[in-house]
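# Observations on chain architecture
Next come the chains, spelled out residue by residue.
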Amino acid sequence: MSATEPVRAGNHTAETEFILLGFGRGLWMEMFPFVMFLVIYIITMVGNTILVLIIGTDSQLHTPMYFFLMNLSLLDLGNSSSIAPRAMVSFLSGSKAISYNGCATQFFFVTFFLTTEGFLLAAMVYNRYSAIRNPLRYPITMSKWVCIWLVVGSYICGCANSMVQTGFTFMLLFCGSNEMDHFFCDGPPLISLSCSDTFVNNFVMFTVCGLIIVSTALITLVSYVYIISTILRIHSAEGRHRAFSTCTSHLVAVTLFYVSTALMYAQPTRLAFLYPRKMVSVFYTLFAPMLNPFIYSLRNKDVKDALRRTMSKKCLKK
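Residues numbered from 1 in each chain as written. Predicted model: local features only at pLDDT ≥ 70, side-chain atom pairs only at ≥ 80, totals over all residues. Heavy atoms only, no water.

As recorded by an unreviewed UniProt entry, the protein carries the name Olfactory receptor 12-like and is attributed to Gopherus evgoodei. For the protein, the Function (unreviewed entry) comment in UniProt is given as "Odorant receptor." What UniProt states about the protein under its Subcellular location (unreviewed entry) heading is, verbatim, "Membrane". (UniProt positions renumbered as here; feature names shortened; annotations may be inferred.)

## Considering the overall build of the protein
On a plain count of helices and strands, the protein comes out with eleven helices and five strands. Residues classed as buried in the protein amount to 46% of the 318 residues present. For the protein, the accessible surface area stands at approximately 16,100 Å², while carbon and sulfur atoms represent 70% of it. (Helix = DSSP H or I, 4+ residues; strand = E, 2+ residues; numbered from the N terminus. Buried < 20%, exposed > 50% of the residue type's maximum accessible area, 1.4 Å probe, protein only. Areas by Shrake-Rupley, 256 points an atom, 1.4 Å probe, with all protein chains shown as cover.)

## Comments concerning the state of the cysteines
Across all of its chains, the model carries one disulfide by this definition. With a sulfur-sulfur separation of 2.1 Å, Cys103 is cross-linked through a disulfide to Cys185. Between Cys103 and Cys185, the S-S dihedral sits near -125°, and the bridge is therefore left-handed. Here the residue Cys103 occupies a position in helix α4 (residues 100-133), and Cys185 occupies one in the loop between β5 (179-180) and α7 (187-193), the gap between them amounting to 82 residues. (Disulfide = S-S within 2.5 Å.)

## Considerations on the nonpolar core
Membership of the largest hydrophobic core comes to 50 residues, with the highest contact counts inside it found for Phe37, Phe68, Leu121, Met124, Phe183 and Tyr296. Among the elements of the structure, α1 (27-57), α2 (64-81), α3 (84-93), α4, α6 (144-169), α9 (237-265), α10 (277-296) and α11 (301-317) are those that each provide at least two residues to this core. Here this core takes nine residues from α4, the largest share from any one element. (Core = buried A, V, L, I, M, F, W, Y, C linked by side-chain atoms within 4.5 Å.)

## Quick look at the pairing of strand β3 (residues 17-20)
As defined by bridge partners, β3 adjoins strand β4 (residues 97-99) across three bridges and the pair is classed as antiparallel. Paired with Ile19 across the bridge in β4 is Ala97. (Pairing = 2+ DSSP bridges.)

## Quick notes on the side chain of Thr216
Examined against the element boundaries, Thr216 turns out to sit in helix α8 (residues 199-232). A relative accessible area of 1% places Thr216 in the buried class. Within the structure, the side chain of Thr216 is placed 2.7 Å from the backbone oxygen of Ile212, a separation counted as a polar contact. Discounting chain neighbours no more than four positions away, the residues touching Thr216 are Gly118, Phe119, Ala122 and Tyr258. (Polar contact = N/O pair within 3.5 Å; in protein donor to acceptor, adjacent residues only side chain to side chain. Contact = heavy atoms within 4.5 Å.)

## Digging into the sheet that holds β4
Pairing is mixed in the open sheet, where three strands are placed in the order β4-β3-β5. Either end of the sheet is taken by a strand with one partner, and the two such strands are β4 and β5. Relative to β5, β3 runs parallel, the two sharing two bridges. Paired with Ile19 across the bridge in β5 is Glu179.

## Topic: α6
Between its terminal C-alpha atoms α6 stretches 38 Å, which fits the 38 Å expected from 26 residues at 1.5 Å a residue. Looking at the buried side of α6, the elements it contacts are α2, α4, α7 and α8. (Expected span 1.5 Å × (residues − 1).)

What follows is the structure in structure tokens.
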């Protein structure tokens, strides 16, 4: 049986491929997204790769904060690479078909990277809380092994959720229309194509994603309440400004991440018409990974100094 030959399942024909409609047909609707995705992907790859290399090679950046940032950049690289290249090929070639297995693979990795990033962001805010709330105990609270286990735990939780979501979604029977109004294989549009009873799947997605988003967001919120209360007790205006400046970028990025993912995954399916799903998806899958290096680190003095040291070493070798 060929890869695209339909499989009979009772009175239905099970789909073995999906059609990702993307943003529409026509030269303008194909070329504009292609150019936009290409520019975003190049900036994402360059910015996050530079950040990973600088943090990995400069010993002065071997601290908990930059260890978490390096892993965040690795997740952003993986997330963008699991979506953008395949979408660009589709825009450029006009071939919108993706195989059943290819769709399942993409769905698994997108879910894995996004879930892991949510847990990692919570770990990062806990790190900031520990540094500001009790700086004298910070080296013990955030020791090397604590940081490693927080990161490893984030990856394990991301993998577990991805396995659950992928298993439940691709146990469904897909028949009838195979056209998905999206530019990558995502949970809500996939479930909407199924001719099976999707109550359990919608319940699992809403419950599990809701619990993950609410729990990690709650950790973030409680940590920032303690952080802000601690900062306000600092007598020096310069000290308060410095402390606030270290938290502002992270708070903005975390808020945008949780709001966009909550709109996609933690809202009942019947309310999906209230917002443009694809536009929200573009933001948290492509724009956020592109902006993160600039929001977090490439404007940071320590990173700039490390970049200068790296460039100076290369110039001296020449």
